[in-house]
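One-letter residues, chain by chain:
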Amino acid sequence: MDRRTVLRATVAGGAAAFSGSLWAGAAVAAPAQPGPSPYGSLRSADSNGIQLPTGFTSRVIARSRQAVSGTSYTWHDAPDGGACFVAGTGWIYVSNSEITPGGGASAVRFNADGSIASAYRILANTNQNCAGGATPWGTWLSCEEVNRGFVYETYPQGGTAAVQRPAMGRFKHEAAACDPDRRVIYLTEDESNGCFYRFRPNSWGNLSAGTLEVLVAGSATSGPVTWARVPDPDGSPTVTRSQVSGAKRFNGGEGCWYDDGTCWFTTKGDNRVWAYDAVNQRIDLAYDDSLVSGTAPLTGVDNITGTGSGDLYVAEDGGNMEINIITPAGVVAPFLRITGQSSSEICGPAFSPDGTRLYFSSQRGTSGSSSGGITYEVRGPFR
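Residues numbered from 1 in each chain as written. Predicted model: local features only at pLDDT ≥ 70, side-chain atom pairs only at ≥ 80, totals over all residues. Heavy atoms only, no water.

The name an unreviewed UniProt entry assigns to the chain is DUF839 domain-containing protein, from the organism Verrucosispora sioxanthis.

Visitor: So what's going on with the nonpolar core? Residues and values would help.
Guide: Within the largest apolar cluster, 21 residues are counted, with the highest numbers of intra-cluster contacts made by Phe335, Leu336, Leu358, Phe360, Val378 and Phe382. For this core, the secondary-structure elements that each account for two or more residues are strand E23 (312-316), strand E24 (322-326), strand E25 (331-338), strand E26 (346-351), strand E27 (357-362) and strand E28 (374-379). The dominant element in this core, judged by the number of residues it contributes, is E25, at four residues. (Core = buried A, V, L, I, M, F, W, Y, C linked by side-chain atoms within 4.5 Å. Buried < 20%, exposed > 50% of the residue type's maximum accessible area, 1.4 Å probe, protein only. Helix = DSSP H or I, 4+ residues; strand = E, 2+ residues; numbered from the N terminus.)

Visitor: Outline the environment of Ala228, supporting the account with residue identities and numerical values.
Guide: Locating Ala228 in the fold gives a position in strand E17 (residues 226-229). Sequence spacing of Ala228 and Gly246 is 18 residues, and the spatial spacing of their C-alpha atoms is 9.4 Å. Other than its neighbours up to four places away in sequence, Ala228 contacts Leu212, Glu213, Val214, Val216 and Val244. (Contact = heavy atoms within 4.5 Å.)

Visitor: Tell me about the pairing of strand E20 (residues 272-277), and name the residues and values.
Guide: Counted residue by residue, E20 has six buried out of six residues, so it is predominantly covered. Here E20 shows a buried face lined by Arg272, Trp274 and Tyr276 and a second buried face lined by Val273, Ala275 and Asp277. Both strand E19 (residues 262-267) and E20 contribute to a ladder of six bridges, which runs antiparallel. Pairing of Thr267 across the sheet is with Arg272, part of E20. The turn linking E19 back onto E20 is made up of four residues, and Asn271 within it adopts a positive phi angle of 50 degrees. (Pairing = 2+ DSSP bridges.)

Visitor: Describe the packing of aromatic side chains, with residues and values.
Guide: The tally for this structure, following the rule as stated, stands at 29 aromatic pairs. Relative to Trp227, the ring of Tyr186 lies with its centre 6.3 Å away and its plane at 40 degrees, an arrangement referred to as tilted. With Tyr186 in strand E13 (residues 184-189) and Trp227 in strand E17, this residue pair connects regions lying 41 residues apart in the sequence. Here Tyr186 matches Trp227 in class, with each residue buried. (Phe/Tyr/Trp six-rings, centres within 6.5 Å; stacked < 30°, edge-to-face > 60°.)

Shown next as structure tokens:
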């Protein structure tokens, strides 16, 4: 049987209903299927080349190698993972730079009315900073997607030097998501045989020391899991993913998002969105393009974020350059589509603190090169 047939047989009747507020009360217990978007169909592309539902508008925030509007700060190449943070009456959007050498991360500060107040560097002289994650104490974890890469704790407000956090493991980092309930941080690994990790700080809020663990399970796509300590987080001479027998393999770990008992993470090699139920310690599939009836709307899964309404937003690395929504009812549908940029990928989706604005980047823009990155904002009646 082909992969699609095998997966259908494996999942049918065996998936558990997802826990956590994002999918609490969901009527389905199987991976998401295509359906109508709660925002309706996409309109024709606007002046920025973005197709959006009725009521939504876009604007360009920054372009690589150009000064951010109203500032003298030059935006970085290859904008990637990002997040938003409260800043007085306004907010800050941070964005990684996925280049080597140089890397790092930048920030744009917004006033309460959404106008740009300033832009500045918060991390420099690192390598291929891909995704990361926000912490409850207001820092940004910027992850290096290189062999034996580091996690850097950075300070979006500026004025404080970034700190290397080797205790969180040295591997090909992708994204991070904080679980304040269990006081752990989940970490994805961008390898075709990568693992899913969690870091237990000795003291919550202090990432200088702690225990790195790896998820252990069989080859199934759903079921109970356990965690085992990684003996040597430094990853030398034996890489972290090869240190624990039985560590579950994931095909290209990408985005990671936690909400109320569930950690959602994506794997690009098989176009899946996984749900880790931290309460009952089990995994399930939230989405798999091989389990879709008909044409899969979401391919090239990458960065992921969520909203208070329970919706997930998944950006595509390639595909047809969409951000897709996955609703608590298990419906997956395009939310937006970027036209004329087929050699790029969508990165860094993040909502402003009040949930009214969505930020994201096209890493290579219309040029198809890292110097052509574009960072956008979308406003509208998000639910």
